[in-house]
Structures are given as structure tokens and as C-alpha cells.
Amino acid sequence: MNAETPPASPAAKTNRIVSANPADRYSNAGATPDAWQECARLDYGSDRSFAWTVREQVIATPPDAYARAEEKLLKSLATPGRTEAGLAFICQMLAMVASAKSVPALAPLLKDAKTTEAARYALERVPGPEADAALRAALASLSGPAKAGLIGSIGVRKDAAAKAALDAIKDSATEPAIVRDAATRALARLANA
Amino acid sequence: MNSPLSLPALSPISRRDFLKKSSLAGALVAAPFILPSGLRGQNAPSKKITVGIVGCGNIADGHYGPLLGSPESIRVVAVCDVDRTRRDSAAARVNKDYDNKDCQVFGDFRELNRRPDIDAIFVCTPDHWHAVISIDAMRNGKDVYCEKPLTLTIAEGRAMVEAARKYDRVCQHGTQHRSMKRFHDVAEYVRNQGLGKLERIDCFIPGNNRQCGATWKPEPVPANLDWDMWLGPCPWRPYTSTGCHYNFRFIAESAYGQVTNWGAHYLDIGQWALDMDGSGPVEVDGHGEFPSSGLFTNATKVDFTVRYANGTAMTCRTRYEGGGTVRFVGERGWLDIARDKMSASDNNLLREMQAPNKKVQLELSNNHHDNFFACVRSRKRPIADVELGHRTTTVCNLGQIAMVLGRKLKWDPVKEEFDDAMANRLRTRAMRSPWSLA
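Residues numbered from 1 in each chain as written. Chains lettered and ligands numbered in written order. Predicted model: local features only at pLDDT ≥ 70, side-chain atom pairs only at ≥ 80, totals over all residues. Heavy atoms only, no water.

### Examining the overall build of chain A
- Each helix and strand counted, chain A has ten helices and zero strands in total.
- Counting helices and strands in the order they occur from the N terminus, chain A gives α-α-α-α-α-α-α-α-α-α.
- Within chain A, buried positions represent 45% of all 193 residues.
- A separation threshold of at least 6 residues defines the contact pool for chain A, and within that pool the share at least 24 residues apart is 63%.
- About 10000 Å² of surface is accessible on chain A, with carbon and sulfur atoms providing 56% of the total. (Helix = DSSP H or I, 4+ residues; strand = E, 2+ residues; numbered from the N terminus. Buried < 20%, exposed > 50% of the residue type's maximum accessible area, 1.4 Å probe, protein only. Contact = heavy atoms within 4.5 Å. Areas by Shrake-Rupley, 256 points an atom, 1.4 Å probe, with all protein chains shown as cover.)

### Quick look at the packing of aromatic side chains
Residues and elements named next belong to chain B.
- Taken as a whole and assessed by the stated rule, the structure comprises 16 aromatic pairs over all chains.
- Their ring planes at 90° and their centres at 5.7 Å tell us that phenylalanine 122 and phenylalanine 372 sit as a pair that is edge-to-face. Highlighted residues: phenylalanine 122 in strand S4 (residues 120–123) and phenylalanine 372 in helix H13 (residues 368–378), separated in sequence by 250 residues.
- Judged by its relative accessible area of 0%, phenylalanine 122 is buried.
- When its relative accessible area of 0% is taken as the criterion, phenylalanine 372 is described as buried. (Phe/Tyr/Trp six-rings, centres within 6.5 Å; stacked < 30°, edge-to-face > 60°.)

### Digging into the pairing of strand S14 (residues 409–412) of chain B
Residues and elements named next belong to chain B.
- Across the two faces of S14 the burial differs, with Leu409 and Trp411 buried and Lys410 and Asp412 not buried at all.
- In this structure, S14 lies alongside strand S15 (residues 417–418), joined through two bridges in antiparallel fashion. Residue pairing across strands places aspartate 412 opposite glutamate 417, the latter belonging to S15.
- Here S14 folds back onto S15, and the loop between the two strands holds four residues, one of which, glutamate 416, carries a positive phi near 55°. (Pairing = 2+ DSSP bridges.)

### A word on helix H7 (residues 154–166) of chain B
Residues and elements named next belong to chain B.
- Spanning 13 residues, H7 covers 18 Å between terminal C-alpha atoms, matching the ideal 18 Å at 1.5 Å per step.
- Ile154, Glu156, Gly157, Ala159, Met160, Val161, Ala163 and Ala164 are the residues of H7 that are buried.
- For H7, the elements touching its buried residues are helix H6 (130–139), strand S5 (143–146), strand S6 (171–173), helix H14 (386–405) and S14.
- Aspartate 168 occupies a position one or two residues after H7 and carries a positive phi of about 55°. (Expected span 1.5 Å × (residues − 1).)

### Details of the interface of chain B and chain A
- If you look at the interface, chain B gives 42 residues, while chain A gives 41 residues.
- For the pairing of chain B and chain A, the buried interface totals around 3200 Å² over both sides, and the portion due to carbon and sulfur atoms is 55%.
- For chain B, the biggest contributors to the area lost against chain A are B:Met422, B:Arg425 and B:Ala438; these three give 22% of the whole.
- Here chain B and chain A share zero salt bridges between them.
- Run the count over chain B and chain A and you get 18 residue pairs in polar contact (both at pLDDT 80 or more).
- Of all elements in the fold, only H14 and helix H15 (421–425) of chain B reach the threshold of two or more residues within the side of chain B that touches chain A.
- With three residues, the single largest contributor to the side of chain B that touches chain A is H15(B).
- Its residues placed into classes, the side of chain B that touches chain A shows 23 nonpolar, nine polar and ten charged. (Buried area = accessible area lost by both parts, 1.4 Å probe. Salt bridge = Lys/Arg side-chain N within 4 Å of Asp/Glu carboxyl O. Polar contact = N/O pair within 3.5 Å; in protein donor to acceptor, adjacent residues only side chain to side chain. Nonpolar A, V, L, I, M, F, W, Y, C, P; charged D, E, K, R; others polar.)

Structure (C-alpha cells):
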């Protein structure tokens, strides 16, 4: 055994309580923060070690466990103090595993111009009609370039149910050219689907 | 400086529309435009081909010399960059060479793409922009020379092929090894079983030539730079000089590091030698090393292997000393080839390689620019047509995705699908507004 020899210096004569078990001396290090919460507080340029830990766990998730990873990411999404960079990261992870279960959490973010890009990053790759419906529903909430981007995602997904809405946008006199052009291109994509 | 938030969308303008809406004389007076090729004899050798360059940085530097040194039938008439200093410098270089002041400068590629008298554009931007700019150009009737890698994602590559076919445009991938006789000869020799049964192909690519710290600080955007347009389809992040010009290639939101920077060249020769220009491997396994901290996110050590249906394996690995090479290993020996050298396990193999009248003869191009411009005139497909550019870039992507996921994946080169749901999602990515593949 490598039992420690008590220090002989004067400093050792304080009243500090020293455990007889050397392992206990490290107990004041505190618990390691939960990476799934910490990744939500990621800042641009800051240490991304916790985000990396989450990323490694997500990509190692087998298909039959996607739901569990998704659930953990949705909890991360609801972390108090979530940052813009944290939101972007979580949505990039959701893009790999999210299902229809994520749509209710992402749909409100999709309608907000400040968070729509991150939400769309995840939703564009979520299979199924729930994500299509959320993307269509956000058309009424966004304008300008953000709406053009949203229309682009609808076009990429080839959502035939959006045809009527896109036709109306294409011909709308009140929509800016950037939005009308996006609708025209999305409709062309639908036509080739 | 225009940004996507202030610039109205620009619709495609045909040459016919252009002439309808403005008299030709008026247009020629208004700007130093050269008569567009569509208004002349299409194949006349004297016909001027007018060129715009989009992206005026490091990669474009390699094009000015050949373009400005071309015969008078090739004229650079416009340059575009989101960095004012770079585009002004590029225009000054062009004007000095032509001894005039005609080169027009743009900060937004959409405006250049809609100048009706431009025949072809060279896309020399960071990788995350290649597909959007190229497709927009083809939609507006331009032929495209797109730097390597063709695109950032597999989905973007397929969209580029579809656009080229839909709009009947010539689209050359900037893998100029296809127009170097040395690479042609090796590919042809291997294709003719010169090495006997091919056992494997080993590609070596250089290590990353830039490093960064574990953390970084956002910096004020320089006055000469439109950062929002620089980012374009990328997820937004604050500006830092370390993450902008040149270094973008080490950040996975913009590029896939040396996998696409050099892999696009050497894996391309493997694809050529294997007669896989319209197809690809059926399996990939990768185990790269990625930085867990800092601004740079691409592999510091690349190591992946793709396997083709006939059993041949092609590896791609980082070589920390020396440049890129590709080695073909067959039952009769091996051949090593790089840009500046070639060697073999037996010099007789090199002599045999030069023998004429091989059964399989590959198209020979001695100059990538000349080949592109010849195809602009003839409307034939170029030596590095967009489809094969997409297929080679797909091999790079397969390696990147396998390394990210750290597992073996099956790939269907016909359906362009993995057997893995997560890997399939990594074939594409949503673009930041207002950009889109649609």
C-alpha cells in the first residue's frame, strides 16, 4: 500500500479534518455537470467539451434507442438558460434522431424568426406528415428571407399537401419577390416529385 | 453592401428577355458588355466566351493565369466576392492584364448570374456555397466550372447534376488531374488490366495545415466583408478571422477538411481507373480522429476504406509528411502517382503504360480550362462532367460520414442510400434562409 505519510510541516498542524481514507480527499471536487444540460448553455467560442460528450453519445445510439436519445435532447431543449449556440447544437443533434415526437417542441420555435433556423435544421430531416404539417403551419408566421427558407425546406421535402399554399404565395401581390421566387422553385420541385 | 435581407430576389433573365426589355445598342452603351455567345454562331471558333469569377480568394488565384493568358476568345468580364478588398483586387488584376477598366465587380453572385452577356462562371467560393451558386447560374443559362469538391453534401451533388441536365448546361468539376496526362495514363493502364487483377488503391492525403486553440472569441466583422453573405447557407456563427478565409475547410459546417480538399483529387483518379464514374462503392468503414474542442471540427487524422462491388478496396489516409499520392496495387506490382512524380515496383510497368493501341482508351484532355471552353462551344460533356464530380464527391462524403459515425456502412450507389438511418440523414442538411436546394 502507498499510505501517505502525514506532513511534518507547520501547515499540517491546523485544525483541518483529514480523512483516514485518502479517496475522501477528492470528494470536494463536486459532481461533474450533466453534459445534456450543459450543452444547452454552449456559447460561441467557449469550451465545447460537454457538447462533444453529447454528440458522441448521440452518434453511437443504435436505431432501436433513437427514442431515448431524442427524449434526452428534448429535455436539453427545455433547459433554463438555453443559449442561441446551445439551441443550434441541440437541433443539429435532433436532426440525426428526431421523430414526430419532437415536432410539438420544435413547432413553436419554427414560427419565431429568432429560432426558426435552428428548428428548421432539425425538422427538415424529421420524416413523416407531422413535420410537414408543422412546416406548413409556420408559413403564416414568418416573412421575408425566413419565409423563403421555410418554403425551401417544404420544397426539399416535396410536400404535395403544400401545393395550394405555395400557389397562393407565388401569385400574391403582397409577398416580396424573394418569397414568391422561393414558392415558384418549390412548386417546380413538387412537380418533379 | 447587399445582404440577403435587403436584396430583392432576382428572377432568371433570358437573353431573349434581355433584348426585349432593352435595345441591344442601349445595353452595349450602358455597360462594357461583350456580345453574348447565344447571339452569335454557337460554334464559331472566334466566338468570345465571356466569364465571371465568383469567389476571388486562394483557389481563384490558380485560375487568373490560365484565363487571362487564354486567346482573345476567352474574356473575364466580371468578378464577385463578399470581401470588397478581394474583389477589387481581382478586378484590378483583370483590368491590368486587358489594359482597360471593363471588369465589373459584384458583391452578390445573383447579380452576376443575371448579367445576360456572361456565358460561363467559375465557382471558387468556400464549399458550402458551391451548389447554391452553381445551380442559380445554370438556371440563368450559364455554364459552370465548379471548383472541387463539387458540393458539401450528397444531396447537393445530386441537385447539381439534375440542374445541369434540366437546363442543358456544361458543368465541369475542378478536378484538374483529369486533364493531366500522367493521371490519364495510369487510369487507362489500370483499366486495361496492366497491373493484372487490381487488389487495392491507397490514397494518401496531407494532414491539416492549420491549427487553432481550444476556445475562440468573436471579433468585429471587418468593414470590407459581408459576413452574412460569406456564411450564406451555413448555420449562423459570429465572425472570427480564424474561421473565415482559407480556414473554412477545417470547419464541418463549410467543408470536410482534407477529405474533400485533397481527397476529391486522388479518390477521383481511383474512381476513374475503376470505371466508376457513374457509380460508386457499396461499403465504407471509417475511423477518423476529430478535435473535441476549438473552432475546427474536421478530422485531424483521416482513415477510411471504401469497397466496390467487385471486391476492390480504396483507402484514404492522412500522410503527415509529404504530399498527396495514390498507389494502385495489382497482382503484377504497384504504381505510385502524384502531381509531380510517378514510380512503380518495376520500371517495365511504366514502359508498358506508354504502349499505344490499348483496348480501352480513355478520353485525353491536356488542359482542364481548354476542355471546358471547348465543351462550352460544342455542348458536349466535359472531361470532368458534373455527374462524375458528384460521384467522386460522394466517395469523400461516404468517408466523412463513416468516420463521424465510426461504423461500417452499406451504400447503394444506384439509390444513393445507406443501410443506416442516421447516415442517411447526414446526406443532406437544411440551409440557412433564404438559401435552399429547392
